[in-house]
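# Structure assessment
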Amino acid sequence: MRLDNMLLAEGVAGPEKGGGSAAAAAAAAASGGAGSDNSVEHSDYRAKLSQIRQIYHTELEKYEQACNEFTTHVMNLLREQSRTRPISPKEIERMVGIIHRKFSSIQMQLKQSTCEAVMILRSRFLDARRKRRNFNKQATEILNEYFYSHLSNPYPSEEAKEELAKKCGITVSQVSNWFGNKRIRYKKNIGSKQTERGAMAPQNKMQFLSPQNLGSSSSFNMSNSGDLFMSVQSLNGDSYQGAQVGANVQSQVGTFR
DNA sequence: AGTAATGATTTGAG
DNA sequence: CTCAAATCATTACT
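Let us look at the structure shown here. As the structure is a prediction and not an experimental result, all values here were calculated from the model.

About the criteria used
- What you see as residue numbers is a count from 1 along each chain, following the sequence as written.
- Starting at A for chains and at 1 for ligands, labels are handed out in the order in which the entities are written.
- Since the coordinates come from a predicted model, pLDDT governs what is reported: local features require at least 70, and pairs of side-chain atoms require 80 or more to be given and counted, while whole-chain, interface and lining totals use all residues.
- The side-chain figures draw on all heavy atoms in the structure; neither hydrogens nor water molecules are used.
- Helical segments are the DSSP runs of H or I of at least four residues, strand segments are the runs of E of at least two, and each set is numbered from the N terminus.
- The cut-offs for exposure are 20% and 50% of the maximum accessible area for each residue type, with area from a 1.4 Å probe on protein chains only; residues under the lower value are buried, those over the upper are exposed, and the others partly exposed.
- In this text, near means that some heavy atom of the residue lies within 4 Å of the molecule or strand in question.
- Under the rule applied, a polar contact is a pair of N or O atoms within 3.5 Å (in protein, one hydrogen donor and one hydrogen acceptor; residues adjacent in sequence only if both atoms are side-chain atoms).
- Following the grouping adopted for this structure description, the nonpolar residues are Ala, Val, Leu, Ile, Met, Phe, Trp, Tyr, Cys and Pro, the charged ones are Asp, Glu, Lys and Arg, and the polar ones are all others, Gly among them.
- As used here, the arc is the angular range of directions from the helix axis to the C-beta atoms.
- Here a Phe, Tyr or Trp ring, Trp counted by its six-membered ring, pairs with any other such ring whose centre lies within 6.5 Å, and the pair is stacked when the planes are under 30 degrees apart, edge-to-face when over 60, and tilted otherwise.
- In this text, buried Ala, Val, Leu, Ile, Met, Phe, Trp, Tyr and Cys residues form a nonpolar core when linked through side-chain atoms within 4.5 Å.

Counting secondary structure elements, chain A contains nine helices and zero strands. The order of helices and strands in chain A, counted from the N terminus, is α-α-α-α-α-α-α-α-α. For chain A, the proportion of its 257 residues judged to be buried stands at 27%.

If you want it as structure tokens, here you go:
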């Protein structure tokens, strides 16, 4: 149920439609609740999302069809058997129930995988750190001016933040971020200036080097754009598993004969 | 290529 | 909630 709601919210499981426009609109509605200013950045995202959506629906339909086919197949088998031995309606009902449960658990896997794919997509495209742009010269000038003229107490009030945000053409939270970064980095600079006495320089360099080497090199080979395909393939893998489960049920039923 | 700068996020304290 | 601190991810510079 939760997965259903989430897929619905992401615009994946919404109303059925083949063309890209509905998916795009759904994606815009899903992601654009707070801010929808950069349309070029989102077009890629929307394309990928509608791709996921399409695969999801194809797979879902396939499962549905397979489920129906298999159900009728089993029903036929049971009908055939009813000629040689008595079969109660209760038993038939039970079989159908088992089949439906099996297939719905397979659908669950599909939904889970789709959710994961969407989450990865979101984190790839909607994480603001990935599309950072430096503020323009004038904005940083204004911010610096305020910072250095209030150096004794560089904590702008809410109103001052709004004022600065308006002047610089950025949001209030961006102003807050800037001051947070500025305060800590200013303090750090002062500290390192005072410690800089001859032999300490190499240590400083080492300190700055090590965290970067640790952090940046390996992290995103795992989850870049190719990963969408990975997820998609894992969906297909699930469908294989589904077929196998189906085959299992089939073979179990086959022992009836 | 390697490094510094820099905006954004996460974490933890108050 | 705000803030400091650490960290991440991108951009700018050499």
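Moving on, there is more to tell.
The full set close to DNA strand C counts 13 residues, and R132, R133, Y155, R183 and K187 are the nearest of them. Restricting the count to atoms of DNA strand C within 4 Å of the protein gives a sugar and phosphate share of 85%. Here a base oxygen of DNA strand C and a side-chain polar atom of R185 are 3.3 Å apart. A distance of 2.4 Å is found between a phosphate oxygen of DNA strand C and a side-chain nitrogen or oxygen belonging to K187. When residues in the surface near DNA strand C are grouped by element, the largest group, four residues, is from helix α7 (residues 172–195). For the surface near DNA strand C, the per-class residue count stands at three nonpolar, two polar and eight charged.

On to helix α6 (residues 158–168). All of the buried residues along α6 are A160, K161, L164, A165 and C168. Down the axis of α6, the buried side of the element spans an arc of 135°, and every buried residue falls inside it. Pointing more than 90 degrees away from the buried face of α6 are the exposed residues E159, K166 and K167.

Further remarks concern the packing of aromatic side chains. Applying the stated criterion to the full structure yields eight aromatic pairs. Aromatic side chains F70 and F103 sit 6.4 Å apart centroid to centroid with 45° between the ring planes, which places their arrangement in the tilted category. Of this pair, F70 sits in helix α3 (residues 39–81) while F103 sits in helix α4 (residues 89–126), and the two are 33 residues apart along the sequence. Ring geometry for Y148 against Y186: centres 5.9 Å apart, planes inclined by 70°, an arrangement best described as edge-to-face. Of this pair, Y148 sits in helix α5 (residues 137–149) while Y186 is found in helix α7, placing the two residues 38 residues apart along the sequence.

Time to look at the environment of S113. Within the element layout of this structure, S113 appears in helix α4. With 57 residues separating them along the chain, S113 and Y56 place their C-alpha atoms 9.4 Å apart.

With that out of the way, let us pick up the nonpolar core. V12, L49, Y56, V74, I99, F103 and L121 are the most contacted members of the largest nonpolar core, which has 24 residues in total. For this core, the elements supplying multiple residues, two or more each, are α1 (2–9), α3 and α4. Listed in part, the 13 residues of the second largest apolar core include F147, A160, C168 and I170.

Functional significance is not addressed by these values, which are geometric in nature.
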